[in-house]
Amino acid sequence: MKKWTFGYGLLLLAVAAAAVFGIVKRGSYTDITNQGQFMDQLYVAELPGKLAANECRQLKRALPGCPYILCVEAQGDMEYTGYPGSQKVRVRKVWKGEGIQEGQEIALFADSWALVLREEPASAELGFTNKMKAGREYLVFAVQKAVDADTGCSAYRLYKEGVILPIFCYGPCVDKIVPTNGEHTYVPYKEVKGNEFFAADKKGLRAWKTLKSYLLEQYPANILQSPQKPAR
């Protein structure tokens, strides 16, 4: 299980149940992540519109109060070496936050990033937003600084108080809505891997895009030097 050193001492990120989860899953993570395009074997959940609309209203109020507001460029794919997953990024712009510098490489982690491989369907739990794609810039909100005990890299826990993990791509994204079977809202990741947000209907996608538009006006993309292309 991954450990993080916080400013007030050494803590285990997860509670005891999550610790067991990490130990049990680590071998499975290693097995599946060694396979090329392993995410195409998994499912992700789409969020129903009513819940998405409520969450987005709450995020609009809460996110500006986060202690760290950053523009980052993803440096590689998400890493699953236990619970939770993490992703390395380079800081392009510090909108808010002490002790972090532009150009610095850091890791981001979220309590919701996990592979659930022993349930049906096997899934990637991403918080209804897609993982960041290497070379693209994102607006992220973090709440706590830590240090990766394995690598010594500075790490920041992403904000997540509800079900949505708010990560916003600078630039356009093509979001598909895949019909569900009525039993659950899981769909094959390979069918929505170009998405930024996983919505079950137009109402949810509209709520997300409205929130994104508002936040990117507050933290605009004109600080970026390179043009942003649509995600693929």
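Treat the numbers as computed from the prediction; the structure is a model and nothing was measured. (Residues numbered from 1 in each chain as written. Predicted model: local features only at pLDDT ≥ 70, side-chain atom pairs only at ≥ 80, totals over all residues. Heavy atoms only, no water.)

*Asks:* How should unusual backbone geometry be read in this particular structure?
*Replies:* Most peptide bonds are trans, and most residues other than glycine sit at a negative phi. The peptide bond linking Glu120 to Pro121 adopts the cis configuration, its omega dihedral lying at -5°. With respect to the helices, strands and loops of the structure, Pro121 is situated in the loop between strand E7 (114-116) and strand E8 (123-125). (Helix = DSSP H or I, 4+ residues; strand = E, 2+ residues; numbered from the N terminus.)

*Asks:* Is there a simple way to think about the nonpolar core in this case?
*Replies:* Among the nonpolar cores identified, the biggest contains 36 residues, and Leu108, Trp113, Leu126, Met132 and Val140 are the most heavily contacted of them. Elements supplying a minimum of two residues to this core: strand E4 (68-74), strand E5 (86-96), strand E6 (105-109), strand E9 (137-148), strand E10 (154-158), strand E11 (167-169) and helix H3 (189-192). Tallying contributions element by element places E4 first for this core, with four residues. Grouped together as the second largest cluster of nonpolar side chains are 26 residues, Ala53, Cys56, Cys71 and Phe128 included. (Core = buried A, V, L, I, M, F, W, Y, C linked by side-chain atoms within 4.5 Å. Buried < 20%, exposed > 50% of the residue type's maximum accessible area, 1.4 Å probe, protein only.)

*Asks:* Help me understand the side chain of Asn130, please; the structure alone is not making it clear to me.
*Replies:* Summarising the element assignment, Asn130 is placed in the loop between E8 and E9. Take Asn130: its relative accessible area is 5%, and that puts it in the buried class. Within the structure, the side chain of Asn130 is placed 2.9 Å from the side chain of Tyr189, a separation counted as a polar contact. At 2.9 Å, the side chain of Asn130 and the backbone oxygen of Asn195 are in polar contact. (Polar contact = N/O pair within 3.5 Å; in protein donor to acceptor, adjacent residues only side chain to side chain.)

*Asks:* Can you walk me through the packing of aromatic side chains in this structure?
*Replies:* Aromatic ring pairs are defined here through the distance separating the ring centres and the angle between the ring planes. In this structure the tally under the stated criterion is seven aromatic pairs. Plain terms: the ring middles of Tyr189 and Phe198 are 6.5 Å apart, the flat faces sit at 75° to each other, and that makes the pair edge-to-face. When its relative accessible area of 3% is taken as the criterion, Tyr189 is described as buried. Residue classification places Phe198 among the buried positions, given a relative accessible area of 1%. Here the aromatic cluster, defined as three or more aromatic residues joined through ring pairs, consists of Trp95, Phe141, Phe168, Phe197, Trp208 and Tyr219. Geometry around Tyr214 places Lys60 over its ring, the cationic atom sitting 4.5 Å from the centre. In this arrangement the basic side chain of Lys93 is found over the ring face of Trp95, its NZ or CZ atom lying 5.4 Å from the centre. (Phe/Tyr/Trp six-rings, centres within 6.5 Å; stacked < 30°, edge-to-face > 60°. Lys NZ or Arg CZ within 6 Å of the ring centre and 35° of its normal.)

*Asks:* Got a minute to help me understand the pattern of salt bridges in this structure?
*Replies:* Between side chains of opposite charge, pairing is possible as soon as their charged atoms come close. Tallying each qualifying case throughout the model produces eight salt bridges. Note that Asp40 and Lys193 form a salt bridge whose closest N and O atoms lie 3.2 Å from each other. Pair noted here: Asp40 is in the loop between helix H1 (16-33) and strand E3 (43-45) and Lys193 is in the loop between H3 and helix H4 (202-218), with a separation of 153 residues, a long-range link. Lys193 gets classed as partly exposed once you look at its relative accessible area, which sits at 32%. Between Glu196 and Lys212 there is a salt bridge; the shortest N-O distance is 3.0 Å. (Salt bridge = Lys/Arg side-chain N within 4 Å of Asp/Glu carboxyl O.)

*Asks:* Help me understand a positive patch on the surface, please; the structure alone is not making it clear to me.
*Replies:* A cluster of like positive charges, contributed by Lys50, Arg57, Arg61, Lys202, Lys203 and Arg206, occupies part of the molecular surface. Within the residue set of the positive patch, elements represented by two or more residues are helix H2 (49-62) and H4. Among the structural elements, Lys202 can be located in helix H4. A residue is classified by how much of its surface remains accessible, and Lys202, at 65% relative accessible area, is exposed. (Patch = residues over 30% accessible without salt bridge, like charges linked within 9 Å, V, L, I, M, F, W, Y side chains within 5 Å. Areas by Shrake-Rupley, 256 points an atom, 1.4 Å probe, with all protein chains shown as cover. Lys, Arg positive; Asp, Glu negative; His and termini not counted. Charge placed at Lys NZ, Arg CZ, Asp CG, Glu CD.)

*Asks:* Help me understand the packing of H2 against H4, please; the structure alone is not making it clear to me.
*Replies:* Between two packed helices, both the angle of their axes relative to each other and the distance between the axes serve to describe the pair. Viewed as axis vectors pointing N to C, H2 and H4 meet at an angle of 15°, and their least axial separation amounts to 7 Å. By the criterion of interaxial angle, the relationship of H2 to H4 is roughly parallel. In the packing of H2 onto H4, the handedness of the crossing is left-handed. For the pair H2 and H4, the contacting residues are Gly49, Lys50, Ala52, Ala53, Cys56, Leu59 and Lys60 in the first and Lys203, Gly204, Ala207, Trp208, Leu211 and Tyr214 in the second. Taken together, the residues of the contact of H2 with H4 break down into eight nonpolar, two polar and three charged. (Axes fitted to C-alpha atoms, helices over the stretch in contact; angles between N-to-C directions. Parallel < 35°, antiparallel > 145°, perpendicular 65-115°, else oblique. Left-handed = near helix turned anticlockwise from the far one by under 90°. Contact = heavy atoms within 4.5 Å. Nonpolar A, V, L, I, M, F, W, Y, C, P; charged D, E, K, R; others polar.)

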